[in-house]
Amino acid sequence: MWLVNIWPVAGNLPFELRPGKYLLGRARTCDIKVCDMSVSRRHASVNVDAMGNIKLRDLGSRNGINSGSTKNLLLHEGDEFKIGAVRLLLLLRPIRTLASSDQDEDPTNVCPQGVDNQRTIRIDGAVLTPAQRKVLDLAVRGLSQKEIADELKCKYYTVHTHFKAIYKALGVHSRAELQAKFPMLRDQK
């Protein structure tokens, strides 16, 4: 089985789960590294027994598993869950997703130097702020700039500025290109 991230995040995902016990978190000493500030340094343990049963156990993290509502979870192929704000998926084989980008070619590159991981999000090789990521998510779902401003309770000009930065970072020139580049974001709530 493979543990993969649905959204881009620095770390060593996808990660093959073989029989054994793994520590999951953002600390460099963790077996499964997820470099996102919503993930605790030692967030959870993953135990894979010889029969292939996979158990996820929260280690007293701040945000828990599935927003803190679960302390222990038995996982099966296709299961999706959250640690902190990071959505993960258990698959039979790894796939190249939006989360798989050129930044992950070097497995030692857990938390890239020069990137403030509290204030930036990597997506498709580009670095966006959390506000830009929110704007991107809403834009791909089809909201206009005015609707996005209303949804985020900010000014239209702020959203417009985010659009310019997103287009530049992702190398696109229109909303249609954004939607074509990220079709998997359209169905998100």
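Residues numbered from 1 in each chain as written. Predicted model: local features only at pLDDT ≥ 70, side-chain atom pairs only at ≥ 80, totals over all residues. Heavy atoms only, no water.

(A) The arrangement of the overall build of the protein in detail. In terms of regular secondary structure, the protein is built from 4 helices and 12 strands. The proportion of buried residues among the 189 residues of the protein is 46%. Contacts spanning at least 24 positions in sequence make up 46% of the contacts within the protein whose residues lie at least 6 apart. Only carbon and sulfur atoms are counted for the fraction: they give 50% of the accessible area of the protein, which is about 10400 Å². (Helix = DSSP H or I, 4+ residues; strand = E, 2+ residues; numbered from the N terminus. Buried < 20%, exposed > 50% of the residue type's maximum accessible area, 1.4 Å probe, protein only. Contact = heavy atoms within 4.5 Å. Areas by Shrake-Rupley, 256 points an atom, 1.4 Å probe, with all protein chains shown as cover.)

(B) Expanded view of the confidence of the model for the protein. Model confidence for the protein is summarised by a mean pLDDT of 80, while 80% of its residues fall at 70 or above. No element of the protein has a lower mean pLDDT than strand 11 (residues 121-123), at 70, and none a higher one than strand 4 (residues 20-25), at 96. The low-confidence segment residues 96-119 (pLDDT under 50) makes 45 contacts with residues lying over four places distant or belonging to another chain. (pLDDT = per-residue confidence, 0-100.)

(C) View of the packing of helix 1 (residues 130-140) against helix 3 (residues 156-170). Remark: helix 1 packs on helix 3, axes separated minimally by 9 Å, with the N-to-C direction vectors making an angle of 90°. As judged from the angle between their axes, helix 1 and helix 3 are roughly perpendicular. Taken together, the residues of helix 3 that come into contact with helix 1 (itself represented by Ala131, Gln132, Val135, Leu136 and Ala139) are Val159, His162, Phe163, Ala165, Ile166 and Leu170. Looking at side-chain class alone, the contact of helix 1 with helix 3 contains 9 nonpolar, 2 polar and no charged residues. (Axes fitted to C-alpha atoms, helices over the stretch in contact; angles between N-to-C directions. Parallel < 35°, antiparallel > 145°, perpendicular 65-115°, else oblique. Nonpolar A, V, L, I, M, F, W, Y, C, P; charged D, E, K, R; others polar.)

(D) Structural context of the pattern of salt bridges. For the coordinates displayed, the defined rule picks out 5 salt bridges. The shortest N-O distance in the salt bridge between Lys71 and Asp58 comes to 3.4 Å. Remark: Asp58 occurs in strand 7 (residues 54-58) and Lys71 occurs in the loop between strand 7 and strand 8 (72-75); sequence separation between them is 13 residues. Across the pair Lys146 and Asp150 runs a salt bridge, and its minimum N-O distance is 3.2 Å. With a gap of 4 residues between them, Lys146 and Asp150 both fall in helix 2 (residues 145-152), about one helical turn apart. Assessed through its relative accessible area of 48%, Asp150 is described here as partly exposed. (Salt bridge = Lys/Arg side-chain N within 4 Å of Asp/Glu carboxyl O.)

(E) Local environment of helix 1. Buried residues of helix 1: Gln132, Arg133, Val135, Leu136, Leu138, Ala139 and Val140, and no others. Gly142 sits one or two residues past helix 1 and shows a positive phi near 105°.

(F) Unusual backbone geometry, seen in detail. In the segment running from Leu13 into Pro14, the intervening peptide bond is cis, with an omega of 0°. Residue position: Pro14 is located in the loop between strand 2 (10-11) and strand 3 (15-16). Although it is not a glycine, Lys153 adopts a positive phi angle of roughly 55°. Within the secondary structure layout, Lys153 lies in the loop between helix 2 and helix 3. Given a relative accessible area of 75%, Lys153 falls into the exposed group.

(G) Main features of the sheet that holds strand 1 (residues 2-5). With respect to topology, 4 strands assemble into an open sheet ordered 3-1-10-9, the strand pairing being antiparallel. Two strands close off the open sheet at either side, each with one partner strand: strand 3 and strand 9 (80-83). Sheet topology note: the strand 1/strand 3 ladder contains 2 bridges and is antiparallel. Counterpart to Trp2 in the pairing with strand 3 is Glu16. (Pairing = 2+ DSSP bridges.)

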